[in-house]
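Structural overview
Spelled out, the chains give:
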Amino acid sequence: MADNFDTSPKEASQSHLNRVTEYINRHYPEDLSLEKLAAVAHFSKYHFHRLFHEYFKETVHDYVRRVRLEHAARLLTTDLNASIAQIAETCGFSSSQNFARAFKAHFGVSPTSARNNPDRHITGIAEDRKDGDPDQAPLNVEIQELPSYRVAYIRDVGPYWSESNRDAFLRLMQWAVAAGAATDPSAIPIAVGWSDPATTSPDDCIFDACIPVSVNIKGDGEIRIQHLPGGAFAILRCECSWERLFWESNRLFYEWLPLSGFRRDKRPFFFKCYNNPDMNPRKLAIVDVCLPIKL
């Protein structure tokens with residue numbers, strides 16, 4: 001298999017490695033061998049393994065295991081009808097015993113402890129997901145079917161709602177204007193979260209700044225194209241400060257969902273961003289928080 005050495009390692013490999021992380025996030029329950037993932041990246045096995053470790057500071061095996069564990073940790077507190085053994089199988093572990101050992105080694109607590117203490121953030125780094133205003137209003141959540149979106153995107157790895165995330169959106173919109181991809185007024189910017197900040201270190205959170213584009217628009221440089229799957233979503237409309245948006249979305253994930261009777265789907269959650277809060281007189285963001293669910 002030929003590797004592409006025509007450009008610098010960063011320019012030549014970043015797009016291929018992002019393709020692999022997308023594949024892992026969509027197929028994490030499956031058998032993800034080094035050979036299979038190297039083929040997805042279009043690199044030889046050994047070249048792929050070296051580049052992946054250089055770029056993500058993790059081996060391929062460690063990255064796949066972490067993604068599976070983070071999904072499992074989310075399911076433990078949101079899918080209360082599933083047993084720990086079922087969650088282990090759903091997330092790609094060969095047995096509940098192997099899952100329990102890996103979970104304890106990664107998070108420092110057992111799966112049973114994580115399920116029985118849902119208020120405790122097992123990473124020890126995320127903000128409290130339930131404490132807030134004592135007079136908080138009940139959430140007004142709508143269940144809707146959303147279409148799939150073909151989007152151009154820039155990927156950013158690091159803390160959510162950071163300046164780096166906003167810079168990614170700025171670069172994306174500058175590209176969209178120059179490429180003629182921002183002419184459709186219905187093309188609402190979308191922020192995609194592939195990681196759960198309650199279980200993932202801030203430095204490892206994967207964020208995609210996206211804008212829907214037509215089929216004639218192609219990627220360019222750091223701009224890539226992907227399809228966000230449609231389906232059923234629980235949607236919470238927020239009109240609040242950018243900083244408060246994180247807390248409101250956590251209420252949807254960890255307060256509303258466990259009591260709703262729905263189960264969270266493995267599709268990524270995302271935010272449809274209807275305005276630039278910096279241009280709002282009250283500095284408020286108008287956003288739909290879109291949580292994928294199984295009906």
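Anything mentioned here points back to the structure above.
To start, this report covers the structure provided alongside it. (Residues numbered from 1 in each chain as written. Predicted model: local features only at pLDDT ≥ 70, side-chain atom pairs only at ≥ 80, totals over all residues. Heavy atoms only, no water.)

Here we look at the nonpolar core
Defined as follows: Grouping buried Ala, Val, Leu, Ile, Met, Phe, Trp, Tyr and Cys residues that are joined through side-chain atoms within 4.5 Å yields what is termed a nonpolar core. Buried, partly exposed and exposed residues are distinguished by accessible area as a fraction of the type maximum, computed with a 1.4 Å probe on protein chains only: under 20%, between the cut-offs, and over 50%, respectively. Here a helix means four or more residues in a row that DSSP labels H or I, a strand means two or more in a row labelled E, and each is numbered from the N terminus. Working rule for contacts: check all heavy atoms of both residues, and any pair within 4.5 Å makes them a contact.
Val20, Ile24, Leu37, Phe48, Phe52, Phe103 and Phe270 are the most contacted members of the largest nonpolar core, which has 48 residues in total. If one sorts the elements of this core by residue count, helix α4 (residues 60–78) sits on top with nine residues. Those residues in contact with Phe52, other than ones at most four positions away along the chain, are Leu17, Val20, Thr21, Lys57, Glu58, Thr59, Val60 and Tyr63. With 43 residues, the next largest nonpolar core counts Ala168, Trp242, Ala285 and Val287 among its residues.

Remarks on the side chain of Glu70
The topology assignment puts Glu70 in helix α4. Not counting residues within four places of it along the chain, the set of residues in contact with Glu70 comprises Phe107, Thr199 and Thr200.

Looking at helix α2 (residues 34–41)
In plain terms, the rule: The arc in question is formed by the directions pointing from the helix axis toward the C-beta atoms.
Along α2, the residues classified as buried are Leu37, Ala38, Val40 and Ala41. Here the buried residues of α2 occupy an arc of 155° about the axis, which is enough to place them on one side. Positive backbone phi, approximately 60°, marks His42, located one or two places after α2.

Overview of the packing of aromatic side chains
Formally: Two aromatic rings, drawn from Phe, Tyr or Trp (for Trp, its six-membered ring), form a pair once their centres lie within 6.5 Å of each other, and the interplanar angle then sorts them: stacked below 30 degrees, edge-to-face above 60, tilted otherwise. Charge-over-ring placement is defined geometrically: NZ (Lys) or CZ (Arg) within 6 Å of the ring centre, and within 35 degrees of the ring normal.
Scanning the model with the defined rule gives 16 aromatic pairs in all. Aromatic pair Phe103 and Phe107: ring centres 4.7 Å apart, planes at 50°, arrangement tilted. Here Phe103 pairs with Phe107, and both are found in helix α6 (residues 96–107), just four residues apart, close to one helical turn. One exposure class covers both Phe103 and Phe107, and it is buried. In textbook terms, an aromatic cluster arises when at least three aromatic residues are bridged by ring pairs, as seen for Phe48, Phe52, Tyr55, Phe56 and Tyr63. Its end group placed over the ring of Tyr274, Arg237 keeps NZ or CZ at 4.6 Å from the ring centre. Lying over the aromatic face of Phe233, Arg267 brings its terminal NZ or CZ to 4.7 Å of the ring centre.

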